[in-house]
Amino acid sequence: MTQEVKEIFGSALASKVRTLGPSMTRSMQRVAEAVAKDPAGCAALTVTGLAELTGTSEATVVRTARLLGYPGYRDLRLALAGLAAQQQSGRSPAITTDIAVDDSLADVVAKLAYDEQQTLADTAAGLDTVQLGAAVAATASARRIDVYGVGASGLVAQDLTQKLLRIGLIAQAHSDPHLAVTNAVQLRSGDVAIAITHSGATGDVIEPLRVAFEHGATTVAITGRPGGAVAQYADHLLTTSTARESELRPAAMSSRTSQLLVVDCLFVGVAQRTYETAAPALAASYEALAHRHRR
């Protein structure tokens, strides 16, 4: 990875390039890598100029811009110009998130805090609110909600189900792949199954989602790889930021941050739609536990 790309990794554009790269054609990847490497230079190019620079066609440039979330190349150029101006103004943070074994704890705290902030910003920028709204609507009216996740994603699955339970919904988190499948068999239309997998390729999560999908449940996938295998069984796809990993900060740590943001967005959306029942349920749960906090 080039130094230039590293310097803009905190931007939403760089996050999209990194996340969507595996699902692009080789020619689209060349366009995406060019704009990530040199936003200022590409901002000065016409669609024809960028096509010539990358050895592609004007149609490929436009398709790449749209895949990155821009209506057309003009909008991508404006975004590139803004990013270039930000870099030239010196507002880019000097801190890097690569943690060394001999870093002080103060440096570790600063680097992790910065990386978490960027991961959240990238996830928010890339989250499709139409897909989120559809997932919220399905979850809010679901008869039953099953959530699948293993490892660090399993912790996020538990977090989501605990929140849903507190507003009176019937939800279960499954980390055991056998129990996940046997429960998925019981799902029907009107039920919701949610799979959480950073890689989009975790078999123990994909299998129960597939079973739920085939039995008519509404399926949701929360993943950092929208082109991964899990997507083929997802009615609604919620994409998380693909944050960098390092030796001292594996993907399981960085991915959990973006997953928790998406889970919180999903939960708050559901709570809003079910407020008349959710608010009393939350109040009841607080009251039931209040005596434990007075000790």
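Worth saying up front: this structure is predicted, and the values here are computed from it rather than measured.

Asker: Run through the overall build of the protein, naming residues and quoting values.
Answerer: For the protein, the helix and strand inventory stands at 14 helices and five strands. Relative to its full complement of 295 residues, the protein shows a buried share of 45%. Accessible surface for the protein amounts to roughly 14500 Å². Of this, 55% is attributable to carbon and sulfur atoms.

Asker: Let's hear about the sheet that holds strand E2 (residues 171-174): which residues, and what values?
Answerer: An order of E2-E1-E3-E4-E5 is seen for the five strands of this open sheet, with the pairing classed as parallel. Edge strands, defined here as strands with exactly one partner in the open sheet, are E2 and strand E5 (236-239). Neighbour-to-neighbour, the strand axes of the sheet open up by a mean angle of 15°, direction not taken into account. As paired elements, strand E1 (residues 145-148) and strand E3 (residues 192-196) share four bridges and run parallel to each other.

Asker: Describe the environment of Gly-203, and please don't skip the residues or the numbers.
Answerer: Along the chain, Gly-203 turns up in helix H12 (residues 203-214). Here the alpha-carbon distance between Gly-203 and Val-150, two residues 53 residues apart in the chain, equals 10.0 Å.

Asker: How would you summarise helix H9 (residues 129-140) if you had to cite specific residues and measurements?
Answerer: Its twelve residues place the ends of H9 16 Å apart at the C-alpha level, agreeing with the 16 Å of an ideal helix rising 1.5 Å per residue. Those residues of H9 lying buried are Leu-132, Ala-135, Val-136, Ala-138, Thr-139 and Ala-140.

Asker: Describe the packing of aromatic side chains, naming the residues involved and giving the relevant values.
Answerer: Considering all chains together, one arrives at one aromatic pair under this definition. Over the ring of Tyr-286 we find Arg-166; its NZ or CZ atom is 4.8 Å from the centre of that ring.

Asker: Talk me through the nonpolar core; I want residue IDs and the actual numbers.
Answerer: If you look at the biggest cluster of nonpolar residues, it comprises 29 residues, and the most contacted ones within it are Ile-145, Leu-164 and Ile-194. Looking at this core, the elements that each hand over two or more residues are H9, E1, helix H10 (152-166), E3, strand E4 (218-223) and helix H13 (251-273). Setting aside residues up to four positions removed in sequence, Leu-164 forms contacts with Thr-139, Ile-145, Leu-169, Ala-171, Phe-267 and Val-270.

Asker: Provide a residue-level description of the pattern of salt bridges, including the pertinent values.
Answerer: Summed over the entire model, instances satisfying the criterion amount to six salt bridges. The residue Arg-210 makes a salt bridge to Glu-214 at a minimum N-O spacing of 2.8 Å. Linking Arg-210 with Glu-214, this pair stays in helix H12, spanning four residues, or about one helical turn. One connected set of salt bridges, linked through shared partners, spans Asp-159, Lys-163 and Asp-264.

Thresholds, definitions, all that
Residues numbered from 1 in each chain as written. Predicted model: local features only at pLDDT ≥ 70, side-chain atom pairs only at ≥ 80, totals over all residues. Heavy atoms only, no water. Helix = DSSP H or I, 4+ residues; strand = E, 2+ residues; numbered from the N terminus. Buried < 20%, exposed > 50% of the residue type's maximum accessible area, 1.4 Å probe, protein only. Areas by Shrake-Rupley, 256 points an atom, 1.4 Å probe, with all protein chains shown as cover. Pairing = 2+ DSSP bridges. Axes fitted to C-alpha atoms, helices over the stretch in contact; angles between N-to-C directions. Expected span 1.5 Å × (residues − 1). Phe/Tyr/Trp six-rings, centres within 6.5 Å; stacked < 30°, edge-to-face > 60°. Lys NZ or Arg CZ within 6 Å of the ring centre and 35° of its normal. Core = buried A, V, L, I, M, F, W, Y, C linked by side-chain atoms within 4.5 Å. Contact = heavy atoms within 4.5 Å. Salt bridge = Lys/Arg side-chain N within 4 Å of Asp/Glu carboxyl O.

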